[in-house]
Amino acid sequence: MLLKKLQLKTIDYKLVLTMCFLLFFNSIISAQEVIKDVVAEKPAETVHGKQKIDGIIATVGDYIVLDSDIDKGYLEIASQGGNIKDITRCQMLGKLLEDKLYAHQAIQDSIIVSDAEIRNMMEERLNYMIQQVGDINKVVEYYKKSSVEEFKTYFADILKEQKLASEMRDKIVKDVEITPEEVRNFFKKIPKDELPTFGAEMEVAQIVAEPKVSKEDKQKVIDRLNAIRQDVLDGSSFATKAVLYSQDPGSAPNGGYYKMTRKTPFVKEFKDVAFSLQEGEISKPFETTFGFHIIMVDKIKGQEVELRHILIAPVVSESALKEAKERLANVRSKIVSKEISFAEAARTESDEKETRANGGTLINPNTQDTRFELTKMDPSLYGQVSNLKDDEVSQPLLNTDEKGKKTYKLITVTNRIDEHVADYAKDYTKIKELALKEKQINAIAKWFDAKIKDTYIKIIGEYRDCTFANNWLKK
């Protein structure tokens, strides 16, 4: 059911979206989700009316599935407030079998997940779970383990399997591309009465003023990073220093760890330094738009680099913030008085490189399009633009990003698109994304067809009566 191959004589738009979600979402047996104090009740269900007995119910290659694994799946979904009423045990087993086959085939394809990666993942996930419940012992109790050590061993196996499955899925779809002709054919196959309706959207532009940081404040950060670098050269742990001092919330809890290739979306200055270092080498402090960094390379595997980094941003003074606000107020006055257009002002006055060249127009990070659907817009952005009239320019707004960096910005709505039925020309980007997802789903389905035939798979007892989307029973 979950990975059924689509027959596109007619296309159920909602089905495509649902399957896309399921395809790229993490395993439902995911130990990173919020753990609530109240443990949900399992559905009072047997398989085809027969009594369940816990134990091994399926084998996929080197992996087994226990009947209790299905119960844990229900617990995870219910603990997040999900509706488990309509999910059958057969459907849950089908999803588990998919995850096991991914992981098994990843090993056959020599996909390697290092112990260091698992340790970093465990540290991050455990920190998150402990923040939710306040005590690791509650986490251990939730997963019905007798000790922290037993839980960590169990949890490491889960994380490794999830990582293997994720890497395998990525490998299957990474080379799947879509041509304009395929997009056109995809759209033509959708009956007119089944065309999707896209919600109201808007296009937004902004002009950003970054407070100027003095040379003295920059030098303080450079000196601090040099001192940390020397401590590491003298024997201190870079990972520990990153946890203590790095201002990068995405990597600090993992000791500053990142794995990247030249195609990974990091800023150019960061990649240039990362790929210039040898294993074990620590860079000198260098600057990016985020602040100052030092990098230490852990491993180099062909075109892939595993590294750790520490980010520290200079402190912005109140006087610098005030100066940035006043500069934008002057720019706004020129725009309102028609001395200059918003787009022209963005090109000449904005400090934001990413939007300056295209007149300040924002790109939706989720779609890489210029449109933002109102119901899916980031709440902070929506709050800034929801009350703006056409062509109205906001007052200078103080903005603090996820890394704590403060800037001022002017913002305006450049276009409003009402709710409408999909139009090939106007909605090409969205239609292309749907067509690509469908092609990826078909690639996954084809992969399952082939690998199920070549893999030892055994389903035991009552579960052999299940109706699966994939041919797990090899009938």
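Located above this text is the structure these notes cover.
Parameters and conventions
Residues numbered from 1 in each chain as written. Predicted model: local features only at pLDDT ≥ 70, side-chain atom pairs only at ≥ 80, totals over all residues. Heavy atoms only, no water. Pairing = 2+ DSSP bridges. Helix = DSSP H or I, 4+ residues; strand = E, 2+ residues; numbered from the N terminus. Axes fitted to C-alpha atoms, helices over the stretch in contact; angles between N-to-C directions. Parallel < 35°, antiparallel > 145°, perpendicular 65-115°, else oblique. Left-handed = near helix turned anticlockwise from the far one by under 90°. Contact = heavy atoms within 4.5 Å. Nonpolar A, V, L, I, M, F, W, Y, C, P; charged D, E, K, R; others polar. Patch = residues over 30% accessible without salt bridge, like charges linked within 9 Å, V, L, I, M, F, W, Y side chains within 5 Å. Areas by Shrake-Rupley, 256 points an atom, 1.4 Å probe, with all protein chains shown as cover. Salt bridge = Lys/Arg side-chain N within 4 Å of Asp/Glu carboxyl O. Buried < 20%, exposed > 50% of the residue type's maximum accessible area, 1.4 Å probe, protein only. Polar contact = N/O pair within 3.5 Å; in protein donor to acceptor, adjacent residues only side chain to side chain. Core = buried A, V, L, I, M, F, W, Y, C linked by side-chain atoms within 4.5 Å. Disulfide = S-S within 2.5 Å.

*Asks:* I'd like to hear about the sheet that holds strand 2 (residues 63-66), residue by residue, with values.
*Replies:* By definition, the strands of a sheet pair up through backbone hydrogen bonds, in either a parallel or an antiparallel sense. The three strands are arranged 2-1-13 in an open sheet whose pairing can be described as antiparallel. The outermost strands of the open sheet, each flanked by one partner alone, are strand 2 and strand 13 (457-459). Put simply, the sheet's adjacent strands are angled 20° from each other on average, direction ignored. In this sheet, strand 2 lies alongside strand 1 (residues 56-60) in antiparallel orientation, the contact comprising four bridges. Across the sheet, residue threonine 59 finds its bridge partner in strand 2, namely isoleucine 64.

*Asks:* Give a detailed account of the packing of helix 6 (residues 148-173) against helix 15 (residues 428-454), specifying residues and quantitative values.
*Replies:* Two numbers describe how helix 6 lies on helix 15: the axes approach to 9 Å, and their chain directions differ by 115°. One finds that helix 6 runs roughly perpendicular with respect to helix 15. Judged by the twist between their axes, the crossing of helix 6 over helix 15 is right-handed. In this structure, helix 6 contributes Met168, Ile172 and Val173 to the contact, and helix 15 contributes Gln440, Ala443, Ile444 and Trp447. Each residue belonging to the contact of helix 6 with helix 15 can be placed in one class, and the counts come to six nonpolar, one polar and no charged.

*Asks:* How would you explain a nonpolar patch on the surface if you had to name every residue and give the values?
*Replies:* Where nonpolar side chains cluster on the molecular surface, the patch consists of Ile56, Ile64 and Ile460 and spans about 230 Å² of accessible area. Inspection of the secondary structure assignment puts isoleucine 56 in strand 1. For isoleucine 56, a relative accessible area of 43% translates into the label partly exposed.

*Asks:* Quick rundown of the environment of lysine 271? Include the residues and the values.
*Replies:* Mapped onto the elements of the fold, lysine 271 is located in helix 10 (residues 268-274). Once the C-alpha coordinates of lysine 271 and methionine 260 are considered, the two residues, eleven residues apart in sequence, prove to be 8.7 Å apart. The residues touching lysine 271, leaving out its near neighbours within four places in the chain, are Met260, Thr261, Arg262, Thr264 and Phe266. A distance of 2.7 Å separates the side chain of lysine 271 from the backbone oxygen of arginine 262, its partner in a polar contact.

*Asks:* Tell me about the nonpolar core, and please be specific about residues and values.
*Replies:* Core analysis: the biggest nonpolar cluster contains 53 residues, and Leu93, Leu97, Phe151 and Trp472 have the highest contact counts within it. When residues of this core are assigned to their parent elements, the largest contribution, ten residues, is made by helix 6. Apart from residues no more than four positions distant in its own chain, tryptophan 472 is found in contact with Gly94, Leu97, Glu98, Leu101, Phe448, Ile452, Ile457 and Ile459. Residues Ile207, Leu321, Ala324 and Leu328 belong to the second largest nonpolar core, which totals 14 residues.

*Asks:* Which residues make up the state of the cysteines, and what are the values?
*Replies:* Disulfide: a covalent bond connecting the sulfur atoms of a pair of cysteines. Applying the stated rule across the entire model yields one disulfide. Two residues share a disulfide in this structure: cysteine 90 and cysteine 466, whose sulfurs sit 1.9 Å from each other. Between cysteine 90 and cysteine 466, the disulfide has an S-S torsion of -70° and is therefore left-handed. With cysteine 90 in helix 3 (residues 89-108) and cysteine 466 in the segment after strand 13, this residue pair connects regions lying 376 residues apart in the sequence.

*Asks:* Requested: an account of the packing of helix 8 (residues 215-233) against helix 9 (residues 238-245), with residues and values cited.
*Replies:* Following both chains from N to C, one finds helix 8 and helix 9 inclined at 150°, their axes separated by 9 Å at the closest point. As the angle between them shows, helix 8 and helix 9 are arranged roughly antiparallel. Along this stretch, helix 8 crosses helix 9, giving a crossing that reads as right-handed. Together, Arg224, Ile228, Asp231 and Val232 of helix 8 and Phe238, Lys241 and Tyr245 of helix 9 make up the contact between the two elements. The residue makeup of the contact of helix 8 with helix 9, split by class, is four nonpolar, no polar and three charged.

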